[in-house]
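A structural walkthrough
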Amino acid sequence: MPPPPAAPKPPGQPITRRTALLALASTLGAVACGGGPSSGAAAPPPAPPPTGAPARLTLKGSQVLLPDGTPVVLRGMNEGTWGEMQGYDAPTLAGQGARVVRLLIRWWGLYGGNDVESRADTAPGHFDPAHLARLLQEIQWCIDAGLWVVVAIDSNCGQNGLQSAAMASYCDPAGTYPGGRNFWTDLSQRQLFKESWIYLAGLLKGTRNIACYELLPEPLAGRDSSYGAEVSAFYQELMAAIEDQAGDTRTPFLVGPRDAYNITLCDEAYIPDPRWANRVLYTGNLFIHPTGALDPDLATLDARLGALVTMKAARNVPVFIQQFGVRSGDDPNQVYLDAGLSRLDAAGIGYTGWQWRQNTTSPDEYAVVLTDPNTGQDVVKTAVLAVYSKYWRA
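In this report, the structure presented in the accompanying data block is examined. (Residues numbered from 1 in each chain as written. Predicted model: local features only at pLDDT ≥ 70, side-chain atom pairs only at ≥ 80, totals over all residues. Heavy atoms only, no water.)

Glancing now at the overall build of the protein chain. Helix and strand counts for the protein chain stand at eleven helices and 13 strands. Per-residue burial over the protein chain gives 52% buried out of 394 residues. Nonlocal contacts in the protein chain, meaning residues at least 24 apart in sequence, comprise 74% of its contacts between residues at least 6 apart. With an accessible surface of roughly 15,700 Å², the protein chain has 54% of that area assigned to carbon and sulfur atoms. (Helix = DSSP H or I, 4+ residues; strand = E, 2+ residues; numbered from the N terminus. Buried < 20%, exposed > 50% of the residue type's maximum accessible area, 1.4 Å probe, protein only. Contact = heavy atoms within 4.5 Å. Areas by Shrake-Rupley, 256 points an atom, 1.4 Å probe, with all protein chains shown as cover.)

Here we come to the packing of helix α3 (residues 129-144) against helix α6 (residues 187-204). Viewed as axis vectors pointing N to C, α3 and α6 meet at an angle of 40°, and their least axial separation amounts to 12 Å. Here α3 is positioned oblique relative to α6, judged by the angle of their axes. Seen from above, α3 lies across α6 with right-handed handedness. Between α3 and α6, the residues in contact are L132, L135, L136 and I139 and Y199, L200, L203 and L204, respectively. Across the contact of α3 with α6, the residue classes tally to eight nonpolar, no polar and no charged. (Axes fitted to C-alpha atoms, helices over the stretch in contact; angles between N-to-C directions. Parallel < 35°, antiparallel > 145°, perpendicular 65-115°, else oblique. Left-handed = near helix turned anticlockwise from the far one by under 90°. Nonpolar A, V, L, I, M, F, W, Y, C, P; charged D, E, K, R; others polar.)

Next up on the list: α6. Spanning 18 residues, α6 covers 25 Å between terminal C-alpha atoms, matching the ideal 26 Å at 1.5 Å per step. Looking at the packing, one finds that the buried side of α6 touches α3, β5 (148-154), β6 (210-214) and α7 (228-244). (Expected span 1.5 Å × (residues − 1).)

Most of β5 sits inside the fold, with seven of its seven residues counted as buried. Because side chains alternate across β5, one face comprises the buried residues W148, V150, A152 and D154, and the other comprises V149, V151 and I153, equally buried. For strand β4 (residues 100-106) and β5, the ladder comprises seven bridges, and the chain directions are parallel. From the neighbouring strand, I105 faces β5, where its bridge partner is I153. The parallel pair β4 and β5, bridged by α3, forms a crossover whose chirality is right-handed. Across four bridges, β5 lies against β6 in parallel orientation. Bridging from a neighbouring strand, A152 pairs with E214 of β6. (Pairing = 2+ DSSP bridges. Right-handed = clockwise from strand over helix to strand, strands pointing away.)

Going through the model one piece at a time under the given rule, you end up with 19 salt bridges. Its salt-bridge partner being R275, residue E243 comes within 2.9 Å of it at the nearest N-O pair. In this pair, E243 sits in helix α7 while R275 sits in the loop between α8 (258-261) and β8 (280-282), placing the two residues 32 residues apart along the sequence. Exposure remark for R275: the relative accessible area of 38% places this residue in the partly exposed category. Residues participating in the shared-partner salt-bridge network are E243, D244, R275 and R279. (Salt bridge = Lys/Arg side-chain N within 4 Å of Asp/Glu carboxyl O.)

On the surface, L136, Y199 and L203 cluster together into a nonpolar patch covering about 220 Å² of accessible area. Along the chain, Y199 falls in helix α6. Taking the relative accessible area as the measure of exposure, Y199 reaches 32% and is therefore partly exposed. (Patch = residues over 30% accessible without salt bridge, like charges linked within 9 Å, V, L, I, M, F, W, Y side chains within 5 Å.)

Considering all chains together, one arrives at 15 aromatic pairs under this definition. Between F234 and Y235, the aromatic rings sit 5.8 Å apart at their centres with planes inclined by 50°, giving tilted as the arrangement. Note on accessibility: F234 and Y235 belong to one class, buried. Both rings, one in Y270 and one in Y282, keep their centres 6.1 Å apart while their planes meet at 40°; by these two values the pair is tilted. Here Y270 is found in the loop between α8 and β8, whereas its partner Y282 is found in strand β8, with twelve residues between them in sequence. Since its relative accessible area comes to 24%, Y270 is described here as partly exposed. (Phe/Tyr/Trp six-rings, centres within 6.5 Å; stacked < 30°, edge-to-face > 60°.)

Glancing now at the sheet that holds strand β11 (residues 350-353). Two orientations exist for strands paired in a sheet by backbone hydrogen bonds: parallel and antiparallel. Taking strand neighbours across the sheet as the criterion, the nine strands line up as β8-β7-β6-β5-β4-β3-β11-β10-β9 in an open arrangement whose pairing is parallel. In this open sheet, the two edge strands, each paired with only one partner strand, are β8 and β9 (286-287).

Its place among the elements puts Q189 in helix α6. A residue is classified by how much of its surface remains accessible, and Q189, at 7% relative accessible area, is buried. With residues near it in sequence (within four places) discarded, Q189 still touches W107, W108, R119, R181 and F183.

Interpretation in functional terms is not warranted from these geometric data alone.
What follows is the structure, encoded as structure tokens:
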């Protein structure tokens, strides 16, 4: 048994890397807990899974159900920066009340660091074997801590390919796709990506606590409504391939609208095909960008969140915010963070905060945990974590 954690040092001071986050449990455990929103009448338990099948969430109307049929609102955090997660992060998050972690592997895109892209066309599943092993290790860390895992394959090229001149050149070095080389303009790349999902789902279908597959984050930024049906068709093509070729007919899917998961367009992502009833969660980004005018900013937040709340009720479908957050430099007293989390809590909508670790040393960014560039030790934003933990424990 490991020794008890040391007492935490003052916020913003370097802390020993391995014990830093575990030490916060005693500090933040004193945060007052309140009753969460009512989840409504308990739904009948789902049919038992096949013998030996791994634990899976099930969807029933607008509810997400645990394997025993209990409704659950999953709240947690993103490990959104490739390779930054530490083995002690998952138990730390679970100890603070989190229930879910979102993990991403990067496939075909220009990313802000060395050895981030995981695409390797001739390798099994078109994944760099070392990167795939790393993803599976991170998934296991989360499972061992009792967390659910949202698994996403991200592709900056595939989702758009026009985010910047550098991205366009990377995705389309020959310059033959003026509308961006992506999964809608180059079907050969779409096929490879589909094969990657088939391979990954084949590996994970026997793994417990996989919350859902997020098929492609933030598709087609800046595109108009004529692309809505194309985004939906793309998602359904991947879903069918995962069911029919990988043989995974149980893991839910997470999808969102065009224009990079524009939450105000969430209803556009709705899939009416009965095949996918009770198999899909719907999402949209919910970042807060304060202007300094609190009341108008919160009114904007309410309107954006309201679109997803309305969809949940009108369509009777489950929803989930896969990226919620506000930069610490824009919210030094956590006023906006608390306001956003309180609204998500009241609406009974799950989320993963953006983000736990990040490839930056700036305390003004989203990350809850920074790494001191001189000592390699963790620097924890204890005030930010306390706000998250308050709502995770609610």
